[in-house]
Amino acid sequence: MMKLCALPRVRLANLPTPLQEAPNLSKALGGPRILVKRDDLTGLAFGGNKTRKLEFLMANALREGADVIVTGAGFQSNWCTQAAAAARRLGMRCVLIKRGPVDGYDPEEYDGNHLLHFLMGAEIRVATRGSIRRVYEETMEELRERGYHPYLLSAAGSTPPGVMGYVNALLELLSQAVEMGVKIDYLIHASGSGGTMAGLVLGAKALNTGIKVIGAAVSPGRERMTKSVVELVNESAEYLGLDLKVGEDEITIYDEYAGPGYGVITDEKAEAVKLAAETEGLFLDPVYTGTSMAALIGLIREGFFKKDDTVVFLHTGGSAALFPYKAPLKAYGLGRPMPWRKPPWSG
Ligand SMILES: *Cc1c(COP(=O)(O)O)cnc(C)c1O
(Lines give C-alpha, C1' and ligand atoms only; values in the text may rest on other atoms or scores of the structure.)
Protein backbone atom coordinates (compact mmCIF):
# COMPACT_ATOMS: atom_id res chain seq x y z
CA MET A 1 0.00 0.00 0.00
CA MET A 2 3.05 2.25 0.27
CA LYS A 3 2.93 2.71 -3.50
CA LEU A 4 -0.57 4.25 -3.26
CA CYS A 5 0.75 7.29 -1.40
CA ALA A 6 3.48 7.75 -4.00
CA LEU A 7 1.12 7.90 -6.99
CA PRO A 8 0.44 11.30 -8.56
CA ARG A 9 -2.78 12.72 -7.17
CA VAL A 10 -4.51 16.07 -7.29
CA ARG A 11 -6.87 17.05 -4.48
CA LEU A 12 -10.46 17.47 -5.66
CA ALA A 13 -12.50 15.85 -2.88
CA ASN A 14 -13.28 16.84 0.69
CA LEU A 15 -12.04 13.80 2.54
CA PRO A 16 -12.79 11.85 4.58
CA THR A 17 -16.47 11.75 3.63
CA PRO A 18 -18.76 11.12 6.63
CA LEU A 19 -19.73 7.64 7.78
CA GLN A 20 -23.21 7.99 9.26
CA GLU A 21 -25.66 5.75 11.07
CA ALA A 22 -29.04 5.23 9.38
CA PRO A 23 -31.12 4.01 12.34
CA ASN A 24 -34.53 4.96 10.94
CA LEU A 25 -33.92 3.16 7.69
CA SER A 26 -32.67 0.11 9.55
CA LYS A 27 -35.74 0.16 11.82
CA ALA A 28 -38.18 0.60 8.91
CA LEU A 29 -36.69 -2.48 7.26
CA GLY A 30 -36.30 -4.54 10.44
CA GLY A 31 -32.76 -4.93 9.27
CA PRO A 32 -29.15 -5.05 10.38
CA ARG A 33 -27.21 -1.99 11.50
CA ILE A 34 -26.86 0.26 8.46
CA LEU A 35 -24.16 2.88 8.02
CA VAL A 36 -24.02 5.21 5.05
CA LYS A 37 -20.66 6.21 3.59
CA ARG A 38 -21.43 9.63 2.14
CA ASP A 39 -19.44 9.80 -1.07
CA ASP A 40 -22.24 11.99 -2.37
CA LEU A 41 -20.49 14.61 -0.22
CA THR A 42 -17.12 14.61 -1.97
CA GLY A 43 -17.88 18.24 -2.74
CA LEU A 44 -17.09 18.44 -6.45
CA ALA A 45 -20.16 19.42 -8.52
CA PHE A 46 -22.78 17.82 -6.23
CA GLY A 47 -20.40 15.03 -5.26
CA GLY A 48 -20.10 11.40 -6.21
CA ASN A 49 -17.77 8.47 -6.66
CA LYS A 50 -16.10 9.87 -9.77
CA THR A 51 -14.34 12.57 -7.72
CA ARG A 52 -12.05 10.03 -6.07
CA LYS A 53 -11.18 8.46 -9.42
CA LEU A 54 -10.49 11.86 -10.95
CA GLU A 55 -7.96 12.75 -8.25
CA PHE A 56 -5.64 10.14 -9.75
CA LEU A 57 -6.72 10.47 -13.40
CA MET A 58 -6.42 14.24 -13.54
CA ALA A 59 -3.00 14.14 -11.91
CA ASN A 60 -1.83 12.09 -14.89
CA ALA A 61 -3.51 14.54 -17.30
CA LEU A 62 -1.69 17.46 -15.62
CA ARG A 63 1.64 15.63 -15.84
CA GLU A 64 1.15 15.28 -19.58
CA GLY A 65 0.46 18.98 -19.95
CA ALA A 66 -3.20 18.54 -20.92
CA ASP A 67 -5.36 21.60 -21.42
CA VAL A 68 -8.53 19.91 -22.74
CA ILE A 69 -10.23 16.81 -21.36
CA VAL A 70 -12.09 14.68 -23.90
CA THR A 71 -14.55 12.15 -22.53
CA GLY A 72 -18.18 11.14 -22.80
CA ALA A 73 -21.12 8.92 -21.92
CA GLY A 74 -24.91 9.30 -21.99
CA PHE A 75 -26.87 12.57 -21.92
CA GLN A 76 -27.47 12.50 -18.15
CA SER A 77 -24.03 11.23 -17.18
CA ASN A 78 -22.72 11.87 -13.65
CA TRP A 79 -19.27 11.00 -14.93
CA CYS A 80 -19.41 13.83 -17.48
CA THR A 81 -20.44 16.27 -14.75
CA GLN A 82 -17.60 15.29 -12.45
CA ALA A 83 -15.01 15.17 -15.24
CA ALA A 84 -16.04 18.58 -16.60
CA ALA A 85 -16.03 20.11 -13.10
CA ALA A 86 -12.57 18.67 -12.38
CA ALA A 87 -11.34 20.05 -15.70
CA ARG A 88 -12.72 23.51 -14.92
CA ARG A 89 -11.26 23.53 -11.40
CA LEU A 90 -7.87 22.75 -12.90
CA GLY A 91 -8.25 25.44 -15.54
CA MET A 92 -8.88 23.12 -18.47
CA ARG A 93 -11.53 22.94 -21.14
CA CYS A 94 -13.74 19.91 -21.64
CA VAL A 95 -15.32 18.22 -24.66
CA LEU A 96 -18.11 15.76 -23.93
CA ILE A 97 -19.11 13.22 -26.56
CA LYS A 98 -22.61 12.05 -25.81
CA ARG A 99 -24.43 9.05 -27.19
CA GLY A 100 -27.41 10.11 -29.27
CA PRO A 101 -29.32 11.59 -30.96
CA VAL A 102 -32.37 10.09 -29.36
CA ASP A 103 -35.73 10.11 -31.16
CA GLY A 104 -38.27 12.16 -29.26
CA TYR A 105 -35.71 13.78 -26.94
CA ASP A 106 -34.67 17.36 -27.43
CA PRO A 107 -30.98 17.80 -26.51
CA GLU A 108 -31.66 21.51 -26.10
CA GLU A 109 -33.90 20.69 -23.15
CA TYR A 110 -31.50 21.23 -20.27
CA ASP A 111 -32.23 19.33 -17.09
CA GLY A 112 -30.21 17.44 -14.47
CA ASN A 113 -26.62 16.70 -15.43
CA HIS A 114 -27.15 17.88 -19.00
CA LEU A 115 -27.90 21.36 -17.64
CA LEU A 116 -24.72 21.26 -15.52
CA HIS A 117 -22.63 20.32 -18.57
CA PHE A 118 -24.09 23.28 -20.43
CA LEU A 119 -23.47 25.67 -17.50
CA MET A 120 -19.83 24.60 -17.23
CA GLY A 121 -19.40 25.46 -20.89
CA ALA A 122 -18.45 21.94 -21.84
CA GLU A 123 -18.43 21.53 -25.60
CA ILE A 124 -21.07 18.88 -26.29
CA ARG A 125 -20.85 16.67 -29.35
CA VAL A 126 -23.30 13.93 -30.17
CA ALA A 127 -22.37 10.58 -31.70
CA THR A 128 -24.35 7.48 -32.55
CA ARG A 129 -23.22 4.06 -31.35
CA GLY A 130 -21.83 3.38 -34.82
CA SER A 131 -19.93 6.65 -35.15
CA ILE A 132 -18.61 7.08 -31.60
CA ARG A 133 -15.06 5.80 -32.22
CA ARG A 134 -14.67 8.00 -35.26
CA VAL A 135 -16.02 11.07 -33.43
CA TYR A 136 -13.48 10.56 -30.63
CA GLU A 137 -10.62 10.21 -33.11
CA GLU A 138 -11.71 13.23 -35.12
CA THR A 139 -12.15 15.32 -31.97
CA MET A 140 -8.66 14.48 -30.69
CA GLU A 141 -7.13 15.21 -34.07
CA GLU A 142 -9.02 18.46 -34.52
CA LEU A 143 -7.99 19.70 -31.06
CA ARG A 144 -4.34 18.89 -31.74
CA GLU A 145 -4.52 20.76 -35.05
CA ARG A 146 -5.93 23.76 -33.20
CA GLY A 147 -2.88 23.72 -30.91
CA TYR A 148 -4.44 22.12 -27.84
CA HIS A 149 -3.10 19.25 -25.75
CA PRO A 150 -6.17 17.04 -25.44
CA TYR A 151 -6.28 14.22 -22.90
CA LEU A 152 -8.66 11.32 -23.34
CA LEU A 153 -10.43 9.93 -20.28
CA SER A 154 -12.23 6.64 -20.76
CA ALA A 155 -15.89 6.69 -19.72
CA ALA A 156 -16.45 6.36 -15.95
CA GLY A 157 -12.70 6.50 -15.31
CA SER A 158 -12.46 2.78 -14.72
CA THR A 159 -8.79 2.24 -15.47
CA PRO A 160 -6.15 1.31 -12.85
CA PRO A 161 -5.38 4.96 -11.89
CA GLY A 162 -9.11 5.61 -11.38
CA VAL A 163 -9.49 2.40 -9.38
CA MET A 164 -6.87 3.75 -6.92
CA GLY A 165 -9.51 6.22 -5.74
CA TYR A 166 -11.55 3.37 -4.29
CA VAL A 167 -8.61 1.45 -2.88
CA ASN A 168 -8.03 4.66 -0.99
CA ALA A 169 -11.72 4.94 -0.04
CA LEU A 170 -11.59 1.46 1.47
CA LEU A 171 -8.60 2.48 3.63
CA GLU A 172 -10.48 5.60 4.70
CA LEU A 173 -13.62 3.61 5.55
CA LEU A 174 -11.64 1.11 7.57
CA SER A 175 -9.96 3.75 9.68
CA GLN A 176 -13.35 5.39 10.35
CA ALA A 177 -14.82 2.03 11.39
CA VAL A 178 -11.91 1.42 13.75
CA GLU A 179 -12.40 4.87 15.26
CA MET A 180 -16.13 4.21 15.74
CA GLY A 181 -15.44 0.75 17.13
CA VAL A 182 -17.54 -1.06 14.51
CA LYS A 183 -16.74 -4.16 12.52
CA ILE A 184 -18.07 -3.96 8.98
CA ASP A 185 -19.51 -7.19 7.59
CA TYR A 186 -20.83 -6.01 4.22
CA LEU A 187 -20.29 -3.06 1.91
CA ILE A 188 -22.97 -2.58 -0.75
CA HIS A 189 -22.85 -0.18 -3.68
CA ALA A 190 -24.06 0.46 -7.23
CA SER A 191 -21.83 -0.96 -9.94
CA GLY A 192 -21.75 0.22 -13.54
CA SER A 193 -18.36 -0.04 -15.21
CA GLY A 194 -16.97 -1.83 -12.14
CA GLY A 195 -14.11 0.55 -11.31
CA THR A 196 -15.51 1.42 -7.91
CA MET A 197 -16.05 -2.23 -7.08
CA ALA A 198 -12.57 -3.18 -8.28
CA GLY A 199 -11.01 -0.63 -5.90
CA LEU A 200 -13.13 -1.75 -2.95
CA VAL A 201 -12.47 -5.44 -3.56
CA LEU A 202 -8.75 -4.85 -4.01
CA GLY A 203 -8.49 -2.73 -0.86
CA ALA A 204 -10.55 -5.16 1.22
CA LYS A 205 -8.50 -8.13 0.07
CA ALA A 206 -5.07 -6.49 0.28
CA LEU A 207 -5.74 -5.56 3.90
CA ASN A 208 -7.43 -8.87 4.73
CA THR A 209 -10.40 -7.01 6.22
CA GLY A 210 -13.04 -9.71 5.89
CA ILE A 211 -15.44 -7.07 4.51
CA LYS A 212 -17.70 -8.65 1.89
CA VAL A 213 -18.20 -6.25 -1.01
CA ILE A 214 -21.56 -6.51 -2.80
CA GLY A 215 -22.10 -4.86 -6.17
CA ALA A 216 -25.62 -4.05 -7.30
CA ALA A 217 -25.37 -3.98 -11.09
CA VAL A 218 -27.24 -1.10 -12.72
CA SER A 219 -27.85 -3.11 -15.89
CA PRO A 220 -28.38 -6.82 -16.54
CA GLY A 221 -25.31 -8.95 -17.31
CA ARG A 222 -23.86 -10.30 -14.08
CA GLU A 223 -21.42 -12.70 -15.75
CA ARG A 224 -19.93 -10.14 -18.10
CA MET A 225 -19.57 -7.65 -15.24
CA THR A 226 -17.95 -10.22 -12.95
CA LYS A 227 -15.32 -10.93 -15.61
CA SER A 228 -14.53 -7.28 -16.12
CA VAL A 229 -14.27 -6.58 -12.37
CA VAL A 230 -11.86 -9.52 -11.96
CA GLU A 231 -9.75 -8.18 -14.81
CA LEU A 232 -9.75 -4.68 -13.39
CA VAL A 233 -8.84 -5.84 -9.86
CA ASN A 234 -5.92 -7.87 -11.18
CA GLU A 235 -4.66 -5.11 -13.49
CA SER A 236 -4.93 -2.60 -10.65
CA ALA A 237 -3.07 -4.87 -8.23
CA GLU A 238 -0.27 -5.03 -10.75
CA TYR A 239 -0.35 -1.25 -11.16
CA LEU A 240 0.09 -0.98 -7.40
CA GLY A 241 2.89 -3.54 -7.38
CA LEU A 242 0.83 -5.93 -5.24
CA ASP A 243 1.29 -9.66 -5.64
CA LEU A 244 -2.41 -10.42 -5.48
CA LYS A 245 -5.01 -11.96 -7.74
CA VAL A 246 -8.74 -12.54 -7.40
CA GLY A 247 -10.97 -15.09 -9.10
CA GLU A 248 -14.60 -14.86 -10.21
CA ASP A 249 -15.73 -16.66 -7.05
CA GLU A 250 -14.55 -13.67 -5.00
CA ILE A 251 -16.81 -11.19 -6.79
CA THR A 252 -20.42 -10.81 -5.62
CA ILE A 253 -22.68 -9.01 -8.06
CA TYR A 254 -26.48 -9.01 -8.09
CA ASP A 255 -28.17 -7.83 -11.26
CA GLU A 256 -31.73 -8.69 -10.20
CA TYR A 257 -32.39 -5.11 -9.11
CA ALA A 258 -31.36 -3.46 -12.37
CA GLY A 259 -34.78 -4.08 -13.95
CA PRO A 260 -34.95 -4.33 -17.72
CA GLY A 261 -32.05 -1.98 -18.37
CA TYR A 262 -29.80 0.90 -17.43
CA GLY A 263 -31.71 3.92 -16.16
CA VAL A 264 -35.11 2.24 -16.40
CA ILE A 265 -37.10 3.12 -13.29
CA THR A 266 -38.86 0.19 -11.57
CA ASP A 267 -41.22 0.13 -8.56
CA GLU A 268 -38.33 -1.21 -6.46
CA LYS A 269 -36.01 1.67 -7.39
CA ALA A 270 -38.77 4.24 -6.81
CA GLU A 271 -39.54 2.66 -3.43
CA ALA A 272 -35.86 2.82 -2.49
CA VAL A 273 -35.60 6.51 -3.42
CA LYS A 274 -38.76 7.31 -1.45
CA LEU A 275 -37.80 5.25 1.61
CA ALA A 276 -34.31 6.75 1.98
CA ALA A 277 -35.77 10.24 1.68
CA GLU A 278 -38.59 9.56 4.18
CA THR A 279 -36.51 7.80 6.81
CA GLU A 280 -33.16 9.59 6.67
CA GLY A 281 -33.64 12.71 4.51
CA LEU A 282 -31.20 11.03 2.18
CA PHE A 283 -31.50 11.53 -1.56
CA LEU A 284 -30.77 8.76 -4.03
CA ASP A 285 -31.34 8.58 -7.77
CA PRO A 286 -33.24 6.01 -9.87
CA VAL A 287 -30.19 5.03 -11.94
CA TYR A 288 -27.45 4.12 -9.46
CA THR A 289 -28.05 4.55 -5.75
CA GLY A 290 -31.77 3.74 -6.13
CA THR A 291 -30.68 0.40 -7.58
CA SER A 292 -28.18 -0.35 -4.81
CA MET A 293 -30.72 0.64 -2.15
CA ALA A 294 -33.34 -1.58 -3.85
CA ALA A 295 -30.76 -4.38 -3.60
CA LEU A 296 -30.16 -3.67 0.10
CA ILE A 297 -33.93 -3.65 0.76
CA GLY A 298 -34.43 -6.83 -1.26
CA LEU A 299 -31.60 -8.67 0.50
CA ILE A 300 -32.88 -7.62 3.94
CA ARG A 301 -36.41 -8.82 3.05
CA GLU A 302 -35.16 -12.20 1.93
CA GLY A 303 -33.22 -12.66 5.18
CA PHE A 304 -29.74 -12.41 3.66
CA PHE A 305 -28.21 -10.55 6.63
CA LYS A 306 -28.02 -11.53 10.29
CA LYS A 307 -29.59 -9.15 12.80
CA ASP A 308 -26.19 -8.30 14.31
CA ASP A 309 -24.46 -7.69 10.96
CA THR A 310 -23.20 -4.23 10.11
CA VAL A 311 -23.80 -3.17 6.53
CA VAL A 312 -22.29 -0.09 4.93
CA PHE A 313 -24.26 1.45 2.08
CA LEU A 314 -21.89 3.41 -0.12
CA HIS A 315 -23.70 6.49 -1.40
CA THR A 316 -21.96 7.02 -4.74
CA GLY A 317 -23.70 10.32 -5.58
CA GLY A 318 -25.77 10.99 -8.68
CA SER A 319 -28.17 13.45 -7.07
CA ALA A 320 -28.34 15.64 -10.19
CA ALA A 321 -29.85 12.67 -12.03
CA LEU A 322 -32.83 12.65 -9.64
CA PHE A 323 -34.70 15.61 -11.11
CA PRO A 324 -35.12 14.41 -14.71
CA TYR A 325 -37.11 11.52 -13.16
CA LYS A 326 -39.62 13.83 -11.51
CA ALA A 327 -42.62 12.61 -13.54
CA PRO A 328 -42.39 8.89 -12.69
CA LEU A 329 -41.32 9.60 -9.08
CA LYS A 330 -44.24 11.93 -8.49
CA ALA A 331 -46.66 9.38 -9.95
CA TYR A 332 -45.16 6.61 -7.79
CA GLY A 333 -45.47 8.77 -4.66
CA LEU A 334 -49.12 9.46 -5.44
CA GLY A 335 -49.84 5.79 -6.10
CA ARG A 336 -50.51 6.34 -9.80
CA PRO A 337 -49.05 4.49 -12.79
CA MET A 338 -45.71 5.92 -13.89
CA PRO A 339 -46.02 7.86 -17.17
CA TRP A 340 -42.77 6.37 -18.46
CA ARG A 341 -40.11 4.02 -17.10
CA LYS A 342 -37.47 4.17 -19.79
CA PRO A 343 -36.10 7.72 -19.84
CA PRO A 344 -36.69 9.63 -23.07
CA TRP A 345 -33.01 10.65 -23.31
CA SER A 346 -31.69 7.07 -23.20
CA GLY A 347 -32.91 5.95 -26.65
C1 LIG B 1 -20.65 5.96 -12.10
C2 LIG B 1 -21.51 5.75 -10.93
C3 LIG B 1 -21.55 4.52 -10.25
C4 LIG B 1 -20.83 3.29 -10.74
O5 LIG B 1 -19.45 3.37 -10.64
P6 LIG B 1 -18.54 2.38 -11.52
O7 LIG B 1 -17.18 2.61 -11.01
O8 LIG B 1 -18.72 2.81 -12.94
O9 LIG B 1 -19.03 1.00 -11.33
C10 LIG B 1 -22.33 4.40 -9.12
N11 LIG B 1 -23.05 5.44 -8.68
C12 LIG B 1 -23.06 6.63 -9.30
C13 LIG B 1 -23.94 7.69 -8.76
C14 LIG B 1 -22.30 6.83 -10.46
O15 LIG B 1 -22.34 8.02 -11.07
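Above this text is the structure in question.
What you see is a predicted model, and the numbers here were worked out from it, not measured in a lab. (Residues numbered from 1 in each chain as written. Predicted model: local features only at pLDDT ≥ 70, side-chain atom pairs only at ≥ 80, totals over all residues. Heavy atoms only, no water.)

Engineer: For this particular structure, what's the right way to read the sheet that holds strand 3 (residues 68–73)?
Structural biologist: One key point about sheets: their strands pair by backbone hydrogen bonds, in either a parallel or an antiparallel sense. On the basis of which strands lie adjacent, the open sheet formed by four strands has the order 5-4-3-6 and parallel pairing. Two strands in the sheet have a free side with no partner beyond their single neighbour: strand 5 (123–127) and strand 6 (150–152). For this sheet, the mean angle separating the axes of adjacent strands, direction not counted, is 25°. Here six bridges tie strand 3 to strand 4 (residues 93–99), and the two strands are oriented parallel to one another. Opposite Val-70, over in strand 4, you have Val-95 as the bridge partner. Helix 4 (residues 78–89) contacts strand 3 and strand 4 of the sheet and is inclined by roughly 170° relative to strand 3. (Pairing = 2+ DSSP bridges. Helix = DSSP H or I, 4+ residues; strand = E, 2+ residues; numbered from the N terminus. Axes fitted to C-alpha atoms, helices over the stretch in contact; angles between N-to-C directions. Contact = heavy atoms within 4.5 Å.)

Engineer: Please clarify how helix 5 (residues 112–119) should be interpreted in this entry.
Structural biologist: Quick reminder: α-helices carry 3.6 residues per turn. Residues three or four places apart thus point the same way. Those residues of helix 5 that fall on the buried side of the exposure criterion are Gly-112, Asn-113, His-114, Leu-116 and His-117. Buried residues belonging to helix 5 abut helix 4, strand 4 and strand 5. Gly-121 lies just past helix 5 and shows a positive phi near 70°. (Buried < 20%, exposed > 50% of the residue type's maximum accessible area, 1.4 Å probe, protein only.)

Engineer: Explain the sheet that holds strand 9 (residues 252–254) to me, please; I cannot follow it from the model alone.
Structural biologist: Taken in spatial order, the six strands of this open sheet run 1-2-10-7-8-9, and their pairing is mixed. Only two strands of the sheet have a single neighbouring strand rather than two, namely strand 1 (19–21) and strand 9. Taking the axes of each pair of neighbouring strands and ignoring which way they run, one obtains an average angle of 30° across the sheet. In this sheet, strand 9 lies alongside strand 8 (residues 212–217) in parallel orientation, the contact comprising three bridges. Note that in strand 9 the partner of Ala-216 across the bridge is Tyr-254.

Engineer: I'm lost on the environment of Ile-211 in this one. Help?
Structural biologist: Assignment of secondary structure puts Ile-211 in the loop between helix 8 (195–206) and strand 8. Put simply, Ile-211 and Val-10 are 201 residues apart on the chain and 28 Å apart in space, counted from C-alpha to C-alpha. Discounting residues that sit within four places of it in the chain, Ile-211 has contacts with Leu-174, Ile-184, Asp-185, Tyr-186, Leu-187 and Ala-204.

Engineer: How should I be thinking about the nonpolar core in this particular structure?
Structural biologist: When a protein is soluble and globular, its nonpolar side chains tend to lie buried together. Ile-188, Met-293, Leu-296 and Phe-305 are the most contacted members of the largest nonpolar core, which totals 41 residues. Elements supplying a minimum of two residues to this core: helix 2 (23–29), strand 2 (33–38), strand 7 (186–191), strand 8, helix 10 (267–280), helix 11 (289–301) and strand 10 (310–315). Ranked by residues supplied to this core, first place goes to helix 11 with seven residues. Residue contacts for Met-293: discarding those within four places in its chain leaves Leu-25, Ala-272, Leu-284 and Phe-313. (Core = buried A, V, L, I, M, F, W, Y, C linked by side-chain atoms within 4.5 Å.)

Engineer: Looking at this structure, I do not really get the site of the ligand. What am I missing?
Structural biologist: Near the ligand lie 17 residues; those nearest to it are Lys-50, Lys-53, Ser-193, Thr-196 and Thr-316. At 2.6 Å from an oxygen atom of the ligand is found a side-chain nitrogen or oxygen belonging to Ser-193. Contacts to the ligand include Thr-196, whose side-chain N or O atom sits 2.7 Å from an oxygen atom. With the chains in place, 98% of the 390 Å² that the ligand exposes on its own is no longer accessible. Counting residues per element, the ones that place at least two in the shell around the ligand are helix 3 (50–63), strand 7 and helix 8. When grouped by side-chain class, the residues that make up the shell around the ligand number three nonpolar, twelve polar and two charged. (Near = heavy atom within 4 Å. Polar contact = N/O pair within 3.5 Å; in protein donor to acceptor, adjacent residues only side chain to side chain. Areas by Shrake-Rupley, 256 points an atom, 1.4 Å probe, with all protein chains shown as cover. Nonpolar A, V, L, I, M, F, W, Y, C, P; charged D, E, K, R; others polar.)

Engineer: Even after reading the chapter, I still don't get the packing of helix 8 against helix 9 (residues 222–239), so can you show me in this structure?
Structural biologist: Between two packed helices, the angle of one axis relative to the other and the distance separating the axes together describe the packing. At their nearest, the axes of helix 8 and helix 9 sit 9 Å apart, and the two run at 55° to each other. Judged by the angle between their axes, helix 8 and helix 9 are oblique. In the packing of helix 8 onto helix 9, the handedness of the crossing is right-handed. Across the interface between the two elements, Gly-195, Met-197, Ala-198, Val-201 and Leu-202 of helix 8 pack against Val-229, Leu-232, Val-233, Ser-236 and Ala-237 of helix 9. (Parallel < 35°, antiparallel > 145°, perpendicular 65-115°, else oblique. Left-handed = near helix turned anticlockwise from the far one by under 90°.)

Engineer: Help me understand unusual backbone geometry, please; the structure alone is not making it clear to me.
Structural biologist: Of all residues except glycine, most have a negative phi; of all peptide bonds, most are trans. Residue Pro-16 is reached from Leu-15 by a cis peptide bond, and omega for that bond is 0°. You can see Pro-16 is positioned in the loop between helix 1 (2–6) and strand 1. The phi torsion at Ala-45 lies on the positive side, around 40°, for a residue other than glycine. Taking relative accessible area as the criterion, Ala-45 reaches 25% and is therefore assigned partly exposed. If you check the backbone angles, Ala-156 has positive phi at about 75° while not being a glycine.

Engineer: In this structure, what is going on with the pairing of strand 7? I would like to understand it.
Structural biologist: Within strand 7, six of the six residues are buried, which leaves it mostly tucked inside the rest of the structure. Here strand 7 shows two buried faces, one formed by Tyr-186, Ile-188 and Ala-190 and the other by Leu-187, His-189 and Ser-191. Pairing analysis gives six bridges linking strand 7 to strand 8, with the strands arranged parallel. Bridging across to strand 8, His-189 finds its partner in Gly-215. Handedness of the strand 7-helix 8-strand 8 crossover: right-handed. Sheet topology places strand 7 next to strand 10; three bridges connect them, and they run parallel. Directly across from Ile-188, in strand 10, lies its bridge partner Phe-313. (Right-handed = clockwise from strand over helix to strand, strands pointing away.)

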